[in-house]
Amino acid sequence: METHPLLLFIFFFFFFSVLFFHHVADSTTIGSCDQCHRTKERDITKSRIRNYPDEKDVDIIATYSDASGHIRLARLKMRDLSDSWVWESPTNANTEHQNNSQGGVESLQTDSIFEDNLRHSTDERYPEESLVQIPHSSLMTPVKIKRRMMRLKRRKARTAELIQQNKETDNRIVSAAIERSKGFDTTTKGKYSIWRKEYENPNSDSTLKLMRDQIIMAKAYTNIAKSMNKTGLYKALVNHSRASQLAIGDATSDAELHTGALDWAKAMGHALSIAKDRLYDCILVARKLREMLQTTENRVNMQKKRSAFLIQLAAKTFPRPLHCLSLQLAGDYYLKGYHKKGNIGNENIDNPSLYHYAIFSDNVLAASVVVNSTVLNANEPEKHVFHIVTDKLNFAAMRMWFIINPPSKATIDVQNIDDFKWLNSSYCSVLRQLESARLKEYYFKANHPSSLSAGSDNLKYRNPKYLSMLNHLRFYLPEVYPKLDKVLFLDDDIVVQKDLTPLWSIDMKGMVIGAVETCKESFHRFDKYLNFSNPLISNNFSPDACGWAFGMNMFDLREWKKRNITGIYHRWQDLNEDRTLWKLGTLPPGLITFYNLTYPLDRGWHVLGLGYDPALNLTEIDNAAVVHYNGNYKPWLDLAVSKYKPYWSKYVVFDNPYLQACNLSE
């Protein structure tokens, strides 16, 4: 069918007409809608102004969600809000949380004006709270939000305070560790002992030091790895530590190390490097090392106490050879009838014109060395008289020794202390105190507070020698030797190296005792021996008064009797019955008894310390008239300082049959 051109024209005309009129209708509708909105906005604005004439002064606290999803808080003026915000009536009684918030906010338009106001208002009014993130809650009001912010602020402050306290605690621990390390005793006393050869070489080789340091760090990392369940690393460190310890063994220098020690050190270094990468935390490692230091220090202190006990035990236990010597001599004394013989040279015993010595000892060999060394170095040995007092147990052995080994031309007088009938508890304060239950408990009950568990300081005062009257007999010289004018007192642990007769010609200027002073600066002054917190001591003595040494002392017995020295001694012993003025011993009461009555002798007469100090000047020892082995390391013990022992042993006759029978040798 053929279409007529006129019909097509009419069809397109009507089609475009309909489209045109439809477009015009839509444009009219849109324009009228915009006009409607503008009219509505003017009505709303007028309503706001009418209902809230002070709108410019209204502050609004708005919440909004930032880019990270956290709720934040801001303060802005009402005029800054967009017209699209919905305003709820503050008089609405059904929404209580909206009444408190000065208009609840449903949505927030994040245009540039609001962002600026938000930033400035938050910084000005809530400079700290603006940094706090508030968890989202649809029912959170500004008041609750601020309370939440304040709680978070307090928690943050408390956290900071706890962190600061933790830092302060760590600092105090570090400071305490440093102070304790300063007081740590690192002296190497006893380096002369054969089982402490490592001290002979204080500058140990570098590889040995490195391996020892590696073992210490490995122990620290091992504990940390175990606490963190790092089983593989823990086992590796343990194995490397064992290998390093086996490589070190008893080595004291690099030359003594195992041949593969350097390879083990490198392997240990690699293991420690891995441990450091995985476990290192400065605070944790520091705490672990401090813990190890304190544990080690406690162990060292415990070992010191044990060592002190063992040294005291070894020093005060009578050696088997000396015990054998006493038994052999005592047996022969009675079997061979020497007990029926009297003393040799009785006519010289009470002659005041001769040189008299007092020796109080229960050690036969020690007393023989004192006598032999004195006689061999004397210019006129025939003028020397030795008064030896011993106990009942050793009297036979002591007398037998000097009968069969008489010193050249010198006179020997051996006495038994039990024969002094005047020495009883009614006269002697020390004997009376020794019979008291309190002192027996102190010495013989292990659960006493001052027993071994109290430390090594009290241990030496529990020495049985303090119970022996041989130790206190030096305070009764006028009673023991009533016919003598002067007596030179000698301990049994001394060696005489020069002629001592010039001591009798020294003018002591009215003093009772002549002694060598031992104080150097603040060392060995009265405050070291006496309790100056007690008024009886502080009111009568000076803490800075110089101490002196018992062991070689010249006594003027005439001045002694004039000043009633024994009475002074008894008075102070009675005052110290509870041992609050000084510890047990003879030097403290000697310092008190002879206070301001001591004549200082030249130091060359008497050199002390050979029984405890391995660092004495050998030149001073060689030039001394008397050397004194005061201390625990007596020359007849295995503990003796090896370099000092020849000064004593050269006066022992080791080829004597009795010494050989008891296996006594150099």
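Residues numbered from 1 in each chain as written. Predicted model: local features only at pLDDT ≥ 70, side-chain atom pairs only at ≥ 80, totals over all residues. Heavy atoms only, no water.

Undergrad: Can you break down the overall build of the protein chain residue by residue, with the values?
TA: The secondary structure content of the protein chain amounts to 24 helices and 12 strands. Counting every position in the protein chain, which comprises 666 residues, the buried fraction comes to 41%. For the protein chain, the share of sequence-separated contacts (at least 6 apart) that also reach a separation of at least 24 residues comes to 73%. In the form shown here, the protein chain has an accessible surface area of approximately 38,800 Å², with 53% of it arising from carbon and sulfur atoms. (Helix = DSSP H or I, 4+ residues; strand = E, 2+ residues; numbered from the N terminus. Buried < 20%, exposed > 50% of the residue type's maximum accessible area, 1.4 Å probe, protein only. Contact = heavy atoms within 4.5 Å. Areas by Shrake-Rupley, 256 points an atom, 1.4 Å probe, with all protein chains shown as cover.)

Undergrad: Tell me about the pattern of salt bridges, and name the residues and values.
TA: Inspection of every chain in the model, using the stated rule, returns 10 salt bridges. With a closest N to O distance of 3.3 Å, E291 and K288 form a salt bridge. Note that E291 and K288 are positioned in helix 8 (residues 282-316) at a spacing of three residues, about one turn of the helix. Look at E291 and you get partly exposed, because its relative accessible area is 43%. A relative accessible area of 16% places K288 in the buried class. (Salt bridge = Lys/Arg side-chain N within 4 Å of Asp/Glu carboxyl O.)

Undergrad: Go over the nonpolar core with me, naming the residues and quoting the values.
TA: Among the nonpolar cores identified, the biggest contains 68 residues, and L325, L488, L500 and L503 are the most heavily contacted of them. The residues touching L503, leaving out its near neighbours within four places in the chain, are L488, M552, M554, L601 and W605. In this structure, F360, F420, V487 and L581 belong to the second largest nonpolar core, which totals 46 residues. (Core = buried A, V, L, I, M, F, W, Y, C linked by side-chain atoms within 4.5 Å.)

Undergrad: Got a sec to walk through the packing of helix 6 (residues 231-248) against helix 7 (residues 261-279)? Specific residues and values, please.
TA: Where helix 6 contacts helix 7, the two axes come as close as 10 Å, and the packing angle between them is 155 degrees. The angle between helix 6 and helix 7 falls in the class roughly antiparallel. Like other packed secondary-structure pairs, helix 6 and helix 7 cross with a definite hand, here left-handed. Here L233, L237, H240, S241, A243, S244 and A247 of helix 6 lie close against helix 7, whose contacting residues are A261, W264, A267, M268, A271, L272, I274, A275, R278 and L279. (Axes fitted to C-alpha atoms, helices over the stretch in contact; angles between N-to-C directions. Parallel < 35°, antiparallel > 145°, perpendicular 65-115°, else oblique. Left-handed = near helix turned anticlockwise from the far one by under 90°.)

Undergrad: Lay out the state of the cysteines with the relevant residues and their values.
TA: Using the criterion set out here, one finds two disulfides in the structure. Each disulfide pairs two cysteine sulfurs, and for C324 the partner residue is C662, the sulfurs being separated by 2.2 Å. Taking the torsion about the sulfur-sulfur bond, which here is approximately -75 degrees, the covalent link between C324 and C662 counts as left-handed. Taken together, the residues C324 in helix 9 (residues 320-335) and C662 in the segment after helix 24 (657-661) connect sequence positions 338 residues apart. Exposure remark for C324: the relative accessible area of 21% places this residue in the partly exposed category. (Disulfide = S-S within 2.5 Å.)

Undergrad: Could you give an account of the environment of D613, with specific residues and numbers?
TA: Looking at the element boundaries, D613 is found in the loop between strand 11 (606-607) and helix 22 (618-623). Using a relative accessible area of 25% as the deciding quantity, one classes D613 as partly exposed. With 18 residues separating them along the chain, D613 and G631 place their C-alpha atoms 8.5 Å apart.

Undergrad: Outline helix 7, supporting the account with residue identities and numerical values.
TA: Structurally, the α-helix is built with 3.6 residues per turn, so residues lying three or four positions apart point the same way. Over its 19 residues, helix 7 runs 26 Å from end to end, which matches the ideal 27 Å to within 8%, given 1.5 Å per residue. Within the sequence span of helix 7, burial applies to A261, A265, M268, A271, L272, A275 and L279. End-on, the buried residues of helix 7 take up no more than an arc of 125 degrees, which puts them together on one face. Opposite its buried face, helix 7 presents the exposed residues D263, K266, H270 and D277, each directed more than 90 degrees away. (Expected span 1.5 Å × (residues − 1). Arc of directions from axis to C-beta.)

Undergrad: How would you sum up the pairing of strand 4 (residues 384-390)? Please name residues and give values.
TA: Within strand 4, seven of the seven residues are buried, which leaves it mostly tucked inside the rest of the structure. Relative to strand 4, strand 3 (residues 355-360) runs parallel, the two sharing six bridges. Bridging from a neighbouring strand, Y355 pairs with H384 of strand 4. Note on the crossover from strand 3 through helix 10 (residues 364-376) to strand 4: the handedness is right-handed. Pairing analysis gives six bridges linking strand 4 to strand 5 (residues 411-416), with the strands arranged parallel. Among the inter-strand pairings, I388 is bridged to a residue of strand 5, identified as V414. Handedness of the β-α-β unit built from strand 4, helix 11 (residues 395-404) and strand 5 comes out right-handed. (Pairing = 2+ DSSP bridges. Right-handed = clockwise from strand over helix to strand, strands pointing away.)

Undergrad: Explain unusual backbone geometry to me, and be specific about the residues and the numbers.
TA: Of note, the phi angle at K409 is positive, near 65 degrees, even though the residue is not glycine. Relative to the assigned elements, K409 resides in the loop between helix 11 and strand 5. Overall, K409 belongs to the exposed group, its relative accessible area being 63%. Positioned with a positive phi, N564 is a non-glycine residue whose angle comes to about 55 degrees. Its place among the elements puts N564 in the loop between helix 19 (557-563) and helix 20 (565-575).

Undergrad: Give a description of a positive patch on the surface that names residues and reports values.
TA: There is a patch of like positive charges on the surface, built from K144, R147, R151, R154 and R155. Position of R155 relative to the elements: it lies in helix 4 (residues 142-182). (Patch = residues over 30% accessible without salt bridge, like charges linked within 9 Å, V, L, I, M, F, W, Y side chains within 5 Å. Lys, Arg positive; Asp, Glu negative; His and termini not counted. Charge placed at Lys NZ, Arg CZ, Asp CG, Glu CD.)

Undergrad: Help me get a handle on the packing of aromatic side chains, residues and values and all.
TA: According to the stated counting rule, one finds 23 aromatic pairs in the structure shown. Judged by centre distance (4.1 Å) and plane angle (5 degrees), the ring pair of F475 and Y569 falls under stacked. With F475 in the loop between helix 15 (469-472) and helix 16 (477-480) and Y569 in helix 20, this pair connects stretches of sequence that are 94 residues apart. With a centroid separation of 6.1 Å and 55 degrees between ring planes, the pair formed by W636 and W648 is classed as tilted. Of the two residues, W636 is situated in the loop between strand 12 (626-628) and helix 23 (645-649) and W648 in helix 23; the sequence distance between them amounts to 12 residues. (Phe/Tyr/Trp six-rings, centres within 6.5 Å; stacked < 30°, edge-to-face > 60°.)

Undergrad: Describe in detail helix 6, supporting the description with residues and values.
TA: The first and last C-alpha atoms of helix 6 sit 26 Å apart over 18 residues, in line with the 26 Å expected at 1.5 Å per residue. Of the positions making up helix 6, those classed as buried are L233, L237, V238, S241, A243, S244, A247 and I248. Summarising the contacts, the buried residues of helix 6 are in contact with helix 5 (206-227) and helix 7. Phi turns positive one or two residues past the end of helix 6, at G249, with a value near 55 degrees.

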